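# Fold and contact review
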Amino acid sequence: VQLQASGGGLVQAGESLRLSCATSGLTFNSRTMGWFRQAPGKEREFVAGLRWNGGNTYYADSVQGRFTISRDIAKKVVFLQMNSLKSEDTAVYYCAGAIGLIASTVTDRGRYAHWGQGTQVTVSS
């Protein structure tokens, strides 16, 4: 199983970025995909999640209305569209995969078995 995150970079506050997570070796029955981020000196935190079957989405309060998680079913790629970026969004962003999560557990990073290598997002103010 491999998850490959890409699309990070340096942008100014207010600009947008789209992250991609290419997957291989995953089966998608009952799969939940998530994006997490970790800023220097902070714990890794949940950003967004998506139930592969049905497309239900979940967001952290801090990104609700600015970020959108989506998927390309045919290509098995997960995206994170990030708009109106703020300096506090600066972090390394990770994609992750889990099985069988429900709404109350989708934010729990301990339930994700598969992780990508991370991509750096830096937002200058």
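This text follows the structure it describes.
Notes on the structure in this doc start here. Each chain has its residues counted from 1, following the order in which its sequence is written. Residues qualify for local features only when their pLDDT is at least 70, as the model is predicted, and side-chain atom pairs are given and counted only at 80 or more; totals for whole chains, interfaces and linings, by contrast, use all residues. With hydrogens and water stripped out, all remaining heavy atoms of the structure feed into the side-chain values.

### What to know about unusual backbone geometry
Although it is not a glycine, Lys76 sits at a positive phi angle of roughly 55°. Put simply, DSSP marks the helices as runs of H or I at least four residues long and the strands as runs of E at least two long, and each gets a number from the N terminus on. Mapped onto the fold, Lys76 is located in the loop between β7 (67-72) and β8 (77-82). Buried, partly exposed and exposed residues are distinguished by accessible area as a fraction of the type maximum, computed with a 1.4 Å probe on protein chains only: under 20%, between the cut-offs, and over 50%, respectively. You can call Lys76 partly exposed: its relative accessible area is 36%.

### Topic: the sheet that holds β8
Across the sheet, four strands lie side by side as β1-β3-β8-β7; this open sheet has antiparallel pairing. Edge positions in the open sheet fall to β1 (2-6) and β7, since each of these has one partner strand only. The sheet shows a mean angle of 15° between the axes of neighbouring strands, direction not considered. Should DSSP find at least two bridges between two strands, the strands are regarded as paired. Across six bridges, the pairing between β7 and β8 is antiparallel. Residue pairing for β8: Arg71 is matched across the bridge by Val78. Axes here mean lines fitted to C-alpha atoms, for a helix over just the part in contact, with angles spanning 0 to 180 degrees between N-to-C directions.

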